[in-house]
Amino acid sequence: MIILWNHFAVTAPQVELEGWVRLWEDSSGIPSADISWLKEDTERGLFTPVQIYRDNTGLFQRRPVMKSDRMWFYPPEPPGYIRDGLPTPQPFFRSRVIVWRPVGVWSWYTMLTEVLCCGPCTKTARSGEGGTIGRWLAWDPAILSQLSEPHEAMFPAILTRRRGVDRNVVRLLRDRTEGNTIVKVWRQIQENHVEEYLQRKDLYTTLLMTVLKPGGIVSSLGHTFQAPPPPRELPSARLLRHAFLLAEANKVQDYRSQILSTFGTVLKMDSTKKVVKKLSGEGAGLAECFTSIGNEHSQIVSFVLTCEESAEKLQPMCHGVMNRFRLANQPVPKILYVDSGCCRAQGLTAVETLFQPWVDNGLVVHLDIFHWIHRFDAAIRTESHSKYATFKSALAGAVLVYNRTDLELLIRAVRAKDLSALKCVSDEDVVRRYISREQLKHHVRRVTLGAQETFRLVHLAIEELKGPAGLDENGVSLFKTPEAIDEMWAAQQRHLECIQYPPDMNMYRVARSTTINNVDVPYYKCLRGNNSLEGFHKTLPNMIPGSHCAARPYQVYLISGIARWNSDRTSDAVFGGRGRHHRIYSAPLIDRLNTRCRQLFGESVEENFQAPADVPSNELLGLEYLFSQSTGESFSLQDIVNDGPSPEEEVVHPEQPDPGEADEAYHSDMEAHGDALDADLPHITLTSDKTSTVHALAFEDACSPNPLPGFQKLEMFCSLLVEIGLTEDKLSLTTEQRNRVLETWNAVEEHDKQPQRFNQLYRTHWGNTLYCHTKRDDLVDAAVVQRVKMAEHYAPAQQDISAQNNRLMYTLVKLLWLRSPQRSRTSPEKSTILKVYERIQHRILVEDPVLCRAGIPLPKINIKTVRDFIRRQERLLNLHATKQPATITKTTSISYADLPPAPHQPAVLPPPDYPLMEYLPTPSRAGTKVLKGRTDITMTLSQPRPPLPPVRLPLPVRKRSRHLYHHQICGYICIYSNHRKCWPLHMAHNACWSGDACDCWPLYTSLNACHSGNLSDPLVRSSIEALENAPHRERVKLSGAQNRKRKREREKDVVGIKKSFSKWLKDSRSEAMTLCCHLSVL
């Protein structure tokens, strides 16, 4: 074993960075903090270690090559402590870098790319035939469009004319819900960037302060520290919006295909004017209303903006929808719900004229019951009237009744919770106390009574409310005049047949099956009415952020928002709401994955996905429809690229204030819902009659002559608590008071001792393991832990104090209210009631050691709870100060008519009848591009590398096999044609026995001269002559003992060489010295 080493004291030539662009180092290019590690860090930077190449001219070059095995480059982490010297600010303010190179291979960050040239254009220009060489940046849309869809999606940014926005930021802007505005996202991005910058600055200054100690060397020398770079400017909210619109504009055609592939059997047609007010720019003042058509799954079939709401303006939309159904082989819808134009004395109505081909084939136009009821508002004086809710509930009860079979099943499910406790409770009390309105809405079907019965009940309600029963506490009548309500009722009588259910159509579907106390109860979905469109119109203004919007962005927001709305409603069409497994809105992506996953894995990604219909349709949507009617010009989104902000508006510097765009507010105050009294609190009497009428206990006081059992005992207990609370100068109770409290509490009925179960504000978050810091994998266990934590740290206040929910709290708070001292400006009655109640809580539940274990339910209340209670009591006083009507309400009518079972929604959507659109994905050509090979020769050197001067090599000569063998071992090309002349040089170099570094230098110089041809140097020439004149060793066959002896001598020389080499390393002071160690086996 022979150790071979070389050392050099020669300055290395300048290294050329292959692929580095000098413009990247400009002030507008790569940040200065990133240039150093991108160039020099061989592990994380852009370039490979330095290698030697021989170029086309025969010169040897040393240059690193840009790495081609990745796109993202991540900087080294900033130092956590000071090790060698004072740190510079650059390591603390580095960022990621992406190099977009789609042809060769496959927070803040810097994005670089390469310049591509057109091959045929280059050949033509170089051949002298004329023309110029076409050059494109690799992120040009013309280049990106040639990539396959997955490879194109790897491009991380949306490029505007001058800047780019990361796709992750654009994704945050997609959700068009209330409060999710552009400015909100911009503020969050600004906060994140500023926080990250200041944290890096904090780390840099922290390390500097560790060396800046009083009396230290750095303080004594007065060292000036380098300030960190200033923070970068942030993209403005307008730039974020522009990037989002560019990204969504590329998907508009896909969104249109999805919307135009929506069909249905029950259609709803309605209009709104709220969203039209946001249209500005070239479309301002053109539109009057927004009209949409929905289906039974709340999806939007078509939508347009019109300059006026008339049959003439809506006719093209209706004809387009009917033509689409015909081309897609879809059946004619069975029923169409509208808000007007449904009935006429003779001839066809306006809506029937619009859909005359469908009407001739069986389509029935019906009026929505919700709109029919609200038409009576024109004859009502004000909605704030105390009898308003009673009249509206009477109208609803005259049209719709509950099905007894479904109601009995729900009552049985509620009773199953505690059979022994609810055994003595009547069905009326079960409905009144234990069944919520949501349960009645979703688990009990409703049917229409018929035109004659509806006429009788509505007529009775109107006639009764025209008398004393329709007056409030001030003697003001509910109706404007008797003539006004009579005229309105006469006009609405013609719609009584129109609002009834079709006799041969089931208006309910079983959406899923729920379990209440181990009893399976169906969850129904109603197909009736325009309520789904009303909900869509309420959400529609949120799809367009801000208070006004120009025409082209307005159209993009509408189409993308409605396409997402339809996709979200797809789950409702499948039993159990399992229509979609992934929240994704790209039809081509799902179609590709379904096709490939079925072929590769035998399963699909989205089982219920249906490709858009391949139906030629010339329908106009949104503003396309409006501009074709108002101006006669076609509407296009091609110029949306030019709608971006000006250069000075693209960025916001750190010292600039927040943008002046108004952000949408959050409407979370639910106090308005408690202002109006509900005249339809559930209290149902089950009789054998087809329709039963009862008096609702919602308007009866708990102190009425016929209360529930045990109220007198409860009243005595609450009176004793009030006396304790009104005593201000004592904290503890006497023995006599404690015994009286225990005696009266033990006498209270068990149903009054149960604490109220009210809705928690954070119930929607339960089960989410990221909420309230739960460490449970099971969602059920996580929900239990979260409820316990929320009760411990954030005890919710009592939400509703009423006799129906909790008689104990109702009686206690009402006695406190009635016995509270005269209120003054400094002591309002609400604060006094709250203070006295808190005094009772502390004396009973905290200070007394006996009563705190009695289990007296005294929950937390607040000012809002007391205020709502007092407000409701005052409204009840005003209501009961007048005569009460004897009309039925919407929850007091029960039908015994047998209903056919509602059909279940399909578990898997059936294949559609219409032809499906076939997506042709762009084939992937990754790895198939044959790139032009390198013409230079790579010579990999071990570290450290000897500097080789650029020399010109002569043409290689033909060598004999033995000569070639020696050159293959040493790896060099020799100018000697005679291997005997070259052999001493290489053998002298490879088999150097000298332990002195200086003895090997002539050999290395001779070797360089060997493959360079420079023999004029006297030192080189003398070295070569000395080697050539050296006596030639003859091969002598040695015995085994001699070979072993020579081997021991060589091993001894190797040890000496190592010692000499180590001594030379210690004595060497040259910074340019390069060492080379080479092992060779002789």
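Everything numeric here is computed off the predicted structure, so don't read it as measured data.

## Brief notes about the overall build of the protein
Helices and strands together make up the secondary structure of the protein, namely 36 helices and 24 strands. Residues counted as buried form 44% of the 1082 residues belonging to the protein. In the structure as shown, the protein presents an accessible area of about 59,100 Å², 52% of it carried by carbon and sulfur atoms.

## A few points about the sheet that holds strand β18 (residues 446-448)
With mixed pairing, three strands are arranged side by side in an open sheet as β18-β17-β22. Strands with a single pairing partner mark the edges of an open sheet, and in this sheet they are β18 and β22 (894-895). With three bridges connecting them, strand β17 (residues 400-403) and β18 associate as antiparallel partners. In the strand pairing of β18, tyrosine 402 is matched with arginine 446. Across the sheet, helix α14 (residues 388-399) is in contact with β17 and β18; its angle to β17 comes to roughly 60°.

## What to know about the sheet that holds strand β13 (residues 289-294)
Strand order in the open sheet made by the five strands is β14-β13-β12-β15-β16, with mixed pairing throughout. The sheet is open, and its two edges are formed by β14 (300-306) and β16 (364-367), each paired on a single side. Sheet twist, expressed as the mean angle between neighbouring strand axes with direction ignored, is 20°.

## Remarks on the packing of α14 against helix α19 (residues 451-465)
Across the interface, α14 lies against α19 with an axial gap of 8 Å and an inter-helix angle of 165°. The angle between α14 and α19 places the two elements in the roughly antiparallel class. Handedness of the α14/α19 crossing: right-handed. Contacts between α14 and α19 involve Phe391, Ala394, Leu395, Gly397, Ala398 and Val399 from the former and Thr454, Leu457, Val458, Ala461, Ile462 and Leu465 from the latter. Partitioned by chemical class, the residues of the contact of α14 with α19 number 10 nonpolar, two polar and no charged.

## Here we look at the pairing of strand β3 (residues 60-63)
Bridging between strand β2 (residues 51-54) and β3 involves four bridges; their strand directions are antiparallel. Within the sheet, the bridge partner assigned to arginine 54 lies in β3 and is phenylalanine 60. The hairpin turn running from β2 into β3, its antiparallel successor, is five residues long, and glycine 58 in that turn takes a positive phi close to 90°.

## Quick word on the packing of α19 against helix α20 (residues 482-492)
Interaxial distance between α19 and α20 falls to 11 Å at its minimum, and their mutual angle equals 170°. The orientation of α19 with respect to α20, classified from their angle, is roughly antiparallel. Contact with α19, carried on its side by Phe455, Val458, His459, Ile462 and Glu463, involves Ile485, Asp486 and Trp489 of α20 and no other residues of that element. Among the residues making up the contact of α19 with α20, the classes are represented as five nonpolar, one polar and two charged.

## Re the nonpolar core
Core analysis: the biggest nonpolar cluster contains 69 residues, and Met269, Leu336, Phe355, Trp372, Phe376 and Phe391 have the highest contact counts within it. Sequence-distant contacts of phenylalanine 355, that is, excluding residues within four places in its chain, are made with Met269, Ile293, Cys318, Met322, Leu336 and Leu363. Counting 52 residues, the second-largest nonpolar core is a separate cluster that includes Val276, Leu279, Phe536 and Ala551.

## Side note on the packing of aromatic side chains
Tallied over the entire structure, the rule returns 22 aromatic pairs. Each ring, one from tryptophan 72 and one from tyrosine 74, has its centre 6.4 Å from the other, and the planes form 25°; the classification is stacked. Ring centres of phenylalanine 93 and tyrosine 197 lie 5.4 Å apart, and the angle between their planes is 45°; this geometry places the pair in the tilted category. Taken together, Trp372, Phe376, Phe391, Phe455, Phe479 and Trp489 form an aromatic cluster joined through their ring pairs. The ring centre of tryptophan 565 lies 4.1 Å from the NZ or CZ of arginine 569, which sits over that ring.

## Observations concerning the side chain of lysine 268
Here lysine 268 shows up in strand β12 (residues 266-272). Despite its burial, lysine 268 pairs with no opposite charge; the closest candidate is glutamate 296, at 7.2 Å N-O. For lysine 268, the side chain forms a polar contact with the side chain of serine 532, separated by 3.4 Å.

## Thoughts on the confidence of the model for the protein
Averaged over all residues, the pLDDT of the protein is 76; the fraction at 70 or higher stands at 73%. Low pLDDT (under 50) marks residues 758-776, which in the prediction has 37 contacts with non-local residues, meaning those over four places away or in another chain. Here residues 940-946 scores under 50 on pLDDT; set against residues more than four positions off or in separate chains, the count is 11 contacts.

## Some details on a negative patch on the surface
On the surface, a cluster of negative charge is contributed by Glu288, Glu308, Glu309 and Glu312. Of note, glutamate 288 is situated in the loop between β12 and β13. On the basis of relative accessibility, which here comes to 33%, the residue glutamate 288 falls in the partly exposed class.

## Considerations on helix α9 (residues 252-259)
Here α9 lies mainly inside the structure; seven of its eight residues are buried. Buried residues along α9 sit in contact with α8 (237-249), β14, α10 (311-327), α22 (551-569), α23 (587-600) and α24 (623-630).

## Focus: helix α17 (residues 427-434)
Three or more residues of α17 are buried, namely Glu428, Asp429, Val430, Val431 and Arg432. Check the buried side of α17 and you find it contacts α15 (404-415).

## Some points on the pattern of salt bridges
In the structure shown here, the tally under the stated rule is 25 salt bridges. For the salt bridge of arginine 200 with glutamate 196, the shortest nitrogen-to-oxygen distance reads 2.9 Å. On the criterion of helical spacing, the pair formed by arginine 200 and glutamate 196 is a turn pair, its members being four residues apart in helix α6 (residues 182-211). Its relative accessible area of 26% is what places arginine 200 among the partly exposed residues.

## Some thoughts on the pairing of strand β20 (residues 519-526)
In terms of burial, β20 is largely enclosed, as six of its eight residues are buried. Pairing analysis gives eight bridges linking strand β19 (residues 508-516) to β20, with the strands arranged antiparallel. Pairing of valine 510 across the sheet is with tyrosine 524, part of β20. Linking β19 to β20, which pair antiparallel, is a turn of two residues; within it asparagine 517 sits at a positive phi near 55°.

## Remarks on the environment of glutamine 754
Among the structural elements, glutamine 754 can be located in the loop between α27 (750-753) and α28 (779-793). Once the C-alpha coordinates of glutamine 754 and asparagine 806 are considered, the two residues, 52 residues apart in sequence, prove to be 8.3 Å apart.

## Focus on the state of the cysteines
The tally for this structure, following the rule as stated, stands at zero disulfides. With no disulfide of its own, cysteine 118 lies 3.3 Å from the sulfur of cysteine 121, the closest cysteine sulfur.

## Overview of unusual backbone geometry
Of note in the backbone geometry, serine 298 takes a positive phi value of approximately 70° without being a glycine. On the secondary structure map, serine 298 appears in the loop between β13 and β14. Of note in this structure, asparagine 517 is not a glycine but carries a positive phi near 55°. Relative to the elements of secondary structure, asparagine 517 occurs in the loop between β19 and β20.

Reading guide: rules and limits
Residues numbered from 1 in each chain as written. Predicted model: local features only at pLDDT ≥ 70, side-chain atom pairs only at ≥ 80, totals over all residues. Heavy atoms only, no water. Helix = DSSP H or I, 4+ residues; strand = E, 2+ residues; numbered from the N terminus. Buried < 20%, exposed > 50% of the residue type's maximum accessible area, 1.4 Å probe, protein only. Areas by Shrake-Rupley, 256 points an atom, 1.4 Å probe, with all protein chains shown as cover. Pairing = 2+ DSSP bridges. Contact = heavy atoms within 4.5 Å. Axes fitted to C-alpha atoms, helices over the stretch in contact; angles between N-to-C directions. Parallel < 35°, antiparallel > 145°, perpendicular 65-115°, else oblique. Left-handed = near helix turned anticlockwise from the far one by under 90°. Nonpolar A, V, L, I, M, F, W, Y, C, P; charged D, E, K, R; others polar. Core = buried A, V, L, I, M, F, W, Y, C linked by side-chain atoms within 4.5 Å. Phe/Tyr/Trp six-rings, centres within 6.5 Å; stacked < 30°, edge-to-face > 60°. Lys NZ or Arg CZ within 6 Å of the ring centre and 35° of its normal. Lys, Arg positive; Asp, Glu negative; His and termini not counted. Salt bridge = Lys/Arg side-chain N within 4 Å of Asp/Glu carboxyl O. Polar contact = N/O pair within 3.5 Å; in protein donor to acceptor, adjacent residues only side chain to side chain. pLDDT = per-residue confidence, 0-100. Patch = residues over 30% accessible without salt bridge, like charges linked within 9 Å, V, L, I, M, F, W, Y side chains within 5 Å. Charge placed at Lys NZ, Arg CZ, Asp CG, Glu CD. Disulfide = S-S within 2.5 Å.

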